[in-house]
Amino acid sequence: MTDEHRGASRREALRCMTAGAAGGVLWVMSGGVPVALAKTPGHAHAKALAFAQISDTHFGFNAPANMDVTGTAHKAIVALSALKPSAAFVLHTGDLTHNSKPEQFDAAAMAFSALKLDVHYVPGEHDVADAEQTAFKTRYGAKTKGDGWYSFDHSGVHFIALVNVYGFSKDGLGNLGAAQIAWLKDDVAHLSSSTPIVVFAHVPLWAVYPQWGWATGDSAEAIGLLRRFGSVTVLNGHIHQVLQKVEGDVSFYSALSTAYPQPAPGAAPNPGPKLLPAAELPAALGLRSVVVKPHAALIADSHLSEI
Amino acid sequence: MPKMLLIATVAAISAAIAAVPLAAPKNVASTAKPAAAKPAAETIVAIKDFAFAPPILTVKAGATLVWRNDDDEPHSIVSGDQRSGALDKGDTYASTFATPGTFDYRCGLHPFMKGKVVVTP
């Protein structure tokens, strides 16, 4: 990719951001053929699909890092409805609840019932922390396969929900498992390589910080099945902070939590909640808007302090 | 890995539960506060600062171990297909080890947290 194209993409992205007034951190992901964006910015909007990502709401968390996770989640949920361009639907990348208790799932369901958008969920390890590991599946597993994975298509974009929180690898990392990887192989087999792909899962599908389990042991096998596609956007939660990695045409983005921040990788003795002065908390929480165009996705993270 | 034999899945460190440890409801985390009336036969493994203390423990067959979460964050005990469920701060989880062997376990919420129980005859 040349600097010229990169610049055009960034200008395009900034234009979208201005229209969206979302504020916050902005990245441009260009996979596939970014030239199209540079030459035909006027048409790029025509086929754009906008959706949102919310993550790590942790209903039931009640500790000094945030004594009102219901309130902060509510603020984010209200903001989801007000995104510009409007989100077609929402992805929740896990840790809906803090420790899988029925009343926590109830509170989450009530909070999201106020949202007039479809929400597509994947579980986090905090959602499968009941001894039987049935609470999440009972509520959200109806139309899924295996341990909860599924895919769907929207506006020409193929969305893949992966589950990497049941069990873990020998190294204590997230785990997809052979059955899910076999399903993924079949799921994408019929797709043209020009189909934009969006993958979402809870634990990062790249090695953010394995010492804290911020990685998925067999993610390389899954990502390997997607290398032939020109635009692959991989979204995750789990680590309560915005991080990005680009590997060729595959771009990885971790999201903010609406509940509490966590330390940067290795910046604390353990990954427990990062305690901030109350006034600084909203700037450490947020949600994400994603605009997928035929050959690129624009990622905009906004903080609760800005909305 | 040999299967961890669970007899009393959850027990609070309280006089009431100590009197009838086997009657504790299965797979239900107690919310009772740790109390001074600690049963003498139980060995405590503290979960503190995202670590098991002690991380390696040797006990005689028949011994009961009680894990107690001292962190604000929930933790759990997972060994093979045995799971405690999330333990809030102050919650405990008990397991009786009837057969000799080595039992590795992790926290299901933070699998980088590892522990081991060595059960001798």
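Thresholds applied
Residues numbered from 1 in each chain as written. Chains lettered and ligands numbered in written order. Predicted model: local features only at pLDDT ≥ 70, side-chain atom pairs only at ≥ 80, totals over all residues. Heavy atoms only, no water. Pairing = 2+ DSSP bridges. Helix = DSSP H or I, 4+ residues; strand = E, 2+ residues; numbered from the N terminus. Axes fitted to C-alpha atoms, helices over the stretch in contact; angles between N-to-C directions. Salt bridge = Lys/Arg side-chain N within 4 Å of Asp/Glu carboxyl O. Buried < 20%, exposed > 50% of the residue type's maximum accessible area, 1.4 Å probe, protein only. Phe/Tyr/Trp six-rings, centres within 6.5 Å; stacked < 30°, edge-to-face > 60°.

Visitor: Please clarify how the sheet that holds strand β4 (residues 63-69) of chain B should be interpreted in this entry.
Guide: The strands that make up a sheet pair up through hydrogen bonds in the backbone, lying either parallel or antiparallel. Residues and elements named next belong to chain B. Spatially, β2-β1-β4-β7 is the arrangement adopted by the 4 strands of the open sheet, whose pairing is mixed. Since the sheet does not close on itself, it has two edges, and those belong to β2 (51-53) and β7 (92-97), each with one partner. Each adjacent strand pair in this sheet contributes to an overall mean axis angle of 25 degrees, direction not counted. With 3 bridges joining them, strand β1 (residues 42-48) and β2 adopt antiparallel strand pairing. Looking across to β2, one finds that Lys48 is bridged to Ala51.

Visitor: How should I be thinking about the pattern of salt bridges in this particular structure?
Guide: Side chains that differ in charge, positive against negative, can pair when their charged atoms come close. Residue and element names in this part refer to chain A. Evaluated as defined, the whole model comprises 8 salt bridges over all chains. Two residues, Arg288 and Asp301, come together in a salt bridge whose shortest N-O distance is 2.8 Å. In this pair, Arg288 sits in strand β11 (residues 286-293) while Asp301 sits in strand β12 (residues 296-303), placing the two residues 13 residues apart along the sequence. We classify Asp301 as buried; its relative accessible area is 1%. One network of salt bridges, with partners in common, ties together Arg227, Lys245 and Glu247.

Visitor: How do you make sense of the packing of aromatic side chains when you look at a structure like this?
Guide: Within a pair of aromatic rings, the relevant descriptors are the distance that separates the centres and the angle that separates the planes. All names here are of chain B. Per the counting criterion, the structure on display carries 21 aromatic pairs over all chains. Geometrically, the ring pair formed by Phe52 and Tyr105 is edge-to-face, given 4.7 Å between the ring centres and 70 degrees between the ring planes. Within this pair, whereas Phe52 is found in strand β2, its partner Tyr105 is found in strand β8 (residues 101-106), the two being separated by 53 residues in sequence. Looking at Tyr105, the relative accessible area reads 3%, which means it is buried.

It is worth stressing that arrangement in space is one thing and function is another; only the former is reported here.
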